[in-house]
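Fold and contact review
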Amino acid sequence: MEVIIRPNADAAAQLVAQIIAHDLRANPKLVLGLATGRTMESVYCHLVRMHRESRLDFSLCQTFNLDEYVGLAASDANSYRHYMDELLFNEVNIDPRNTHLPDGCAADLDAECAAYESLIKRCGGIDVQLLGIGRAGHIGFNEPLSALMSRTRVKALAPRTLAQNAPQFDVSTRMPRRAITMGVGTILESGRCLLLATGAEKAEIIAKAVEGPISSMISATALQLHPHCTVIVDEAAAGALAEQEYYRWIFENEPEWAAYRHLATPC
Ligand code: GLP
């Protein structure tokens, strides 16, 4: 695992977007795992900007989102499908048929989960998986006690998740209590993981996820097992990390990061 600390939330999001853009240019058929949540909004803003300003091409790329609420149709303004359409898919030249999210309204949810896993395999597996982190440490909707080898399945949402995500729901929609989520095992099979966290309210959980013991109580700790996981945080979210000085040295000195040190285009 490597940790990169950027001066502010927008610079952190821009770095994530630049890494994705680099990988997409190197492999136009990239299979990209996507995430939702407020933190990701700026990443999608930067990707759309790069599509417009420097012709970043999504035409051959496939995407798989981590999760979707059970019971919300794609047309529902609170669904993650709607979020993705609004913030990314409608704004770039991606083929809608190449954008995949679990169907939270499927008649047979278990069959839907199995089909999602098969589709990921048929597409050759996920090359780069973008991840946020919930305040209680979940990745996707892998709530406390999610098995570290779990696959895509239906998961009941924990009270802290319900409380954290409720403000995103408008009054007309009751927040679902369950979601389909890629499993921790599914996520760990991706070629590279990029976890983005910003803001002081993520500082404590980032320290536990990165420097704490691996536990199914905090599914993000499983990323310590991944051979190529980059955690990108802003100063505020880095606040509780013990080894900040070491992480800063790596970003400032290791040659692989040279091209990324001076990004400064706000979105
Ligand atoms: C939801 C998503 C997670 C995401 C989390 C963080 O729970 N299922 O994948 O990491 O939100 O959200 P935010 O960025 O709004 O803090």
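To start, this report covers the structure provided alongside it. (Residues numbered from 1 in each chain as written. Predicted model: local features only at pLDDT ≥ 70, side-chain atom pairs only at ≥ 80, totals over all residues. Heavy atoms only, no water.)

Brief notes about helix 2 (residues 41-54)
- With 14 residues, helix 2 extends 20 Å from end C-alpha to end C-alpha; this agrees with the ideal 20 Å at 1.5 Å per step.
- Turning to helix 2, its buried residues number three or more, namely V43, Y44, H46, L47, V48, R49, M50 and H51.
- The inward-facing, buried residues of helix 2 contact helix 1 (9-26), strand 2 (31-34), helix 3 (80-87), strand 6 (128-131) and strand 9 (192-197).
- After helix 2 finishes, the residue R55 shows a positive phi value of roughly 55°. (Helix = DSSP H or I, 4+ residues; strand = E, 2+ residues; numbered from the N terminus. Expected span 1.5 Å × (residues − 1). Buried < 20%, exposed > 50% of the residue type's maximum accessible area, 1.4 Å probe, protein only. Contact = heavy atoms within 4.5 Å.)

Structural notes on the site of the ligand
- Taken together, 15 residues are adjacent to the ligand, and R38, T39, D67, H138 and K202 come closest.
- Between a nitrogen atom of the ligand and a main-chain N or O atom of G140, the distance comes to 3.3 Å.
- Take Q164: an N or O atom from its side chain is 3.4 Å from an oxygen atom of the ligand.
- For the ligand, whose unbound accessible area comes to 390 Å², protein coverage reaches 97%.
- For the shell around the ligand, the residue count by class is 3 nonpolar, 9 polar and 3 charged. (Near = heavy atom within 4 Å. Polar contact = N/O pair within 3.5 Å; in protein donor to acceptor, adjacent residues only side chain to side chain. Areas by Shrake-Rupley, 256 points an atom, 1.4 Å probe, with all protein chains shown as cover. Nonpolar A, V, L, I, M, F, W, Y, C, P; charged D, E, K, R; others polar.)

Quick notes on the nonpolar core
- The biggest cluster of nonpolar side chains holds 80 residues, and the ones touching the most others in it are V43, L47 and L130.
- A per-element tally of this core places helix 1 first, with 9 residues.
- Not counting the four nearest positions on each side in its chain, L130 is found in contact with V16, I20, G33, L34, A35, M40, V43, Y44, L66 and L194.
- By size, the runner-up hydrophobic cluster in this structure holds 5 residues, among which are V70, A106, L109 and I180. (Core = buried A, V, L, I, M, F, W, Y, C linked by side-chain atoms within 4.5 Å.)

Looking at the pattern of salt bridges
- Within this structure, the stated rule accounts for 9 salt bridges.
- E53 serves as the salt-bridge partner of R49, at 3.0 Å between the closest nitrogen and oxygen. Note that R49 and E53 are positioned in helix 2 at a spacing of 4 residues, about one turn of the helix.
- For E53, a relative accessible area of 56% puts it in the exposed group.
- Between R151 and E117 there is a salt bridge; the shortest N-O distance is 2.9 Å. Separated by 34 residues along the polypeptide, R151 in the loop between strand 6 and strand 7 (153-156) and E117 in helix 4 (residues 109-122) bring together distant segments of the chain.
- Of the residues examined, E117 reaches a relative accessible area of 9% and is grouped as buried.
- Among the charged side chains, a network of salt bridges with common partners joins E117, R151 and E189. (Salt bridge = Lys/Arg side-chain N within 4 Å of Asp/Glu carboxyl O.)

Details of the packing of helix 1 against helix 2
- Where helix 1 meets helix 2, the axes come as close as 8 Å, and the angle between the chain directions of the two elements is 50°. Relative to helix 2, helix 1 is oriented oblique. Where helix 1 crosses over helix 2, the two elements pack in a sense that is right-handed. Here D10, A13, Q14, V16, A17, Q18, I20, A21 and R25 of helix 1 lie close against helix 2, whose contacting residues are S42, V43, H46, L47, R49, M50 and S54.
- Its residues assigned to classes, the contact of helix 1 with helix 2 shows 8 nonpolar, 5 polar and 3 charged. (Axes fitted to C-alpha atoms, helices over the stretch in contact; angles between N-to-C directions. Parallel < 35°, antiparallel > 145°, perpendicular 65-115°, else oblique. Left-handed = near helix turned anticlockwise from the far one by under 90°.)

Some details on the packing of aromatic side chains
- Tallied over the entire structure, the rule returns 10 aromatic pairs.
- Ring geometry for Y69 and F169: centres 5.2 Å apart, planes at 75°, overall edge-to-face. With a gap of 100 residues between them, Y69 in strand 4 (residues 67-69) and F169 in the loop between helix 5 (159-165) and strand 8 (178-181) connect regions that are remote in the sequence. Grouping residues by exposure puts Y69 and F169 together as buried. (Phe/Tyr/Trp six-rings, centres within 6.5 Å; stacked < 30°, edge-to-face > 60°.)

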